[in-house]
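Structural overview for review
This is what each chain is made of:
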Amino acid sequence: MEFFDYYESLFGERWASLLESLKGDGLAVKLQFGDNLEPYYLDEASVFAAEALQVEPGMDVLDMCAAPGGKSLVLASMLKGEGSLQSNDRSPDRRLRLGRVLENSLPEDWRRIIKVTGFDGMRFGLHRKECYDRILIDAPCSSDRHVLASPTHLAEWSSKRVKRLSVEQGALLASAVDALKPGGQLVYGTCALSPLENDRVVEKILKKRPAMELVEIPNLLAGADRTEYGVHILPDRSQGRGPIYCAKMKKKVF
């Protein structure tokens, strides 16, 4: 099938072990911020990506594609009720789930600074120019691990979709760059396997937006791979974590 041939061409001899590891359930950690609050289980690699943004209390933060809400929980835990967090998702159904997750899993004094919105992420750069200290873009992607678990999605998979998604991801990242304050930082991430959705998206934005520069992400999870522009956490080498790609950038102050 095209899916398997495509990724074997990218990963070579590694593909067999990576494919086998993708069939597992992953490695989730428990997020719980109070005895009477609902726990949330999130892949440890996703926690890593959110924490890489290094949010501090008092910052203005945007989670551009926030549903279902796990990474917003991590960001809120770093803000501790000081500053602002805009948790955005364009999908009404996903946004409902996002709202429930935040309501059920966060203390009230942390929730009061959070605003849930449903804007098109590609338009933040137009309407909210240079407004945020930190931005997380967990971009919609091929979600290859989920594709493997669904015979229907696997049968429908096409490399053309990867290319189309990479264009949308680039538009989201460009919007985020324009919405970021000078001196601010962003993390771009996906759960995709293909460099076309990962490093190549970052490469293009660095060429198109010279105000942006890479920031190295320290303290990698065991088994994580450094790529040309970011970090790729894949389950065959990271004890089931991922797949998660993330890259960090900073907007220069002129």
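It should be emphasised that the depicted structure is a prediction, and the values quoted were computed from it without experimental measurement. Sequence order as written defines residue numbering, which begins from 1 separately in each chain. The predicted origin of the model limits local features to residues at a pLDDT of at least 70 and limits the giving and counting of side-chain atom pairs to 80 or more, whereas totals for whole chains, interfaces and linings rest on all residues. No hydrogens and no water enter the side-chain calculation; it runs on all heavy atoms of the structure.

Here the aromatic set is Phe, Tyr and Trp, taking the six-membered ring for Trp, and pairing holds for ring centres within 6.5 Å; pairs whose planes are under 30 degrees apart are stacked, those over 60 apart are edge-to-face, and all others are tilted. This structure, assessed with the given rule, holds 13 aromatic pairs. A centroid spacing of 6.4 Å and a plane angle of 70° characterise the contact between F124 and Y132, whose relative ring orientation is edge-to-face. Partly exposed describes any residue whose relative accessible area lies between the buried limit of under 20% and the exposed limit of over 50%, with all areas from a 1.4 Å probe on protein chains only and scaled to the type maximum. Accessibility expressed as a relative area gives 3% for F124, which makes it buried. When the ring of Y188 is compared with that of Y245, the centres are 6.4 Å apart and the planes differ by 70°; the resulting orientation is edge-to-face. Residue Y188 is found in strand β7 (residues 180-190), and its partner Y245 is found in strand β11 (residues 244-251); the two are separated by 57 residues along the sequence. Across the pair, Y245 and Y188 agree in class, each one buried. Three or more aromatic residues joined by ring pairs make a cluster, and in this case those are F3, F4, Y6, Y7, F11, W15 and W157. Each helix is a run of DSSP H or I of at least 4 residues and each strand a run of E of at least 2, with the numbering of both proceeding from the N terminus.

Turning our eyes to something else, we now look at the side chain of K251. When you line up the elements, K251 lands in strand β11. When its relative accessible area of 7% is taken as the criterion, K251 is described as buried. Here L180 takes part through its backbone oxygen, which lies 2.7 Å from a polar atom of the side chain of K251. If we ignore the near neighbours within four places in the chain, the residues touching K251 are E130, V177, D178, L180, K181, P182, G183, G184, A211 and M212. The term polar contact refers here to a pair of N or O atoms within 3.5 Å; inside protein, the definition further demands a hydrogen-donor-capable atom paired with an acceptor-capable atom, and it admits residues adjacent in sequence only when both atoms are side-chain atoms. What makes two residues a contact is simply this: any of their non-hydrogen atoms within 4.5 Å.

Moving on: the environment of E203. By the element assignment, E203 lies in helix α11 (residues 199-208). Between the alpha carbons of E203 and G69 there is a distance of 28 Å; along the sequence they are 134 residues apart. For E203, the residues in contact, after removing those within four places along its chain, are E228 and Y229. Within the local environment of E203, its side chain forms a polar contact with the side chain of Y229, the two groups lying 3.2 Å apart.

A pairing counts as a salt bridge when a side-chain nitrogen of Lys or Arg comes within 4 Å of a carboxyl oxygen of Asp or Glu. Counted according to the given criterion, the structure contains 17 salt bridges. The residue D138 makes a salt bridge to K71 at a minimum N-O spacing of 2.8 Å. Here the residue D138 occupies a position in strand β6 (residues 132-138), and K71 occupies one in helix α4 (residues 70-79), the gap between them amounting to 67 residues. The exposure class assigned to K71 is buried, which follows from its relative accessible area of 10%. Among the ionic pairs, R90 bridges to D120, the shortest N-O distance being 3.7 Å. Taken together, the residues R90 in the loop between β4 (84-88) and α5 (92-105) and D120 in the loop between β5 (114-117) and α7 (124-127) connect sequence positions 30 residues apart. Given a relative accessible area of 55%, R90 falls into the exposed group. Each member of the salt-bridge network shares a partner with another, and the members are R14, D225, D236 and R237.

What follows covers the layout of surface pockets. In this analysis a 1.4 Å probe is tested at points of a 1 Å grid over the protein atoms alone, and where it fits but cannot get out there is a cavity; an open set with protein on both sides within 12 Å along at least five of seven lines is a pocket; lining residues have an atom within 4 Å of a point. Grid points are joined across faces, edges and corners, and a volume is the space filled by probe spheres set on the points. A volume near 1,300 Å³ is recorded for the largest pocket. Lining the largest pocket are 48 residues, with P68, R94, D138, H146 and C191 positioned closest to its centre. Listing elements by their share of the lining of the largest pocket, those giving two or more residues are β2 (40-43), α4, α5, α8 (144-148) and α10 (159-179). Counting residues per element, the lining of the largest pocket draws most heavily on β2, at four residues.

Turning to the packing of α10 against α11, a few remarks are in order. Note on definitions: angles span 0 to 180 degrees between N-to-C directions of axes, and those axes are lines fitted to C-alpha atoms, for helices only across the stretch in contact. Put simply, α10 and α11 touch, their axes get as near as 10 Å, and they point 45° apart. When the axis of α10 is compared with that of α11, the two are oblique. Considering only the axes of α10 and α11, their crossing is right-handed. Facing α10, whose interface residues are S166, Q169, G170, L173, A174 and V177, α11 presents V201, V202 and I205. Each residue belonging to the contact of α10 with α11 can be placed in one class, and the counts come to six nonpolar, three polar and no charged. Orientation categories follow fixed angle ranges, with anything under 35 degrees roughly parallel, anything over 145 roughly antiparallel, 65 to 115 roughly perpendicular, and all other angles oblique. Each crossing gets its hand from how the near helix is turned against the far one by less than a right angle, where anticlockwise is left-handed and clockwise is right-handed. Each residue is assigned to one of three groups, with Ala, Val, Leu, Ile, Met, Phe, Trp, Tyr, Cys and Pro labelled nonpolar, Asp, Glu, Lys and Arg labelled charged, and all others, Gly among them, labelled polar.

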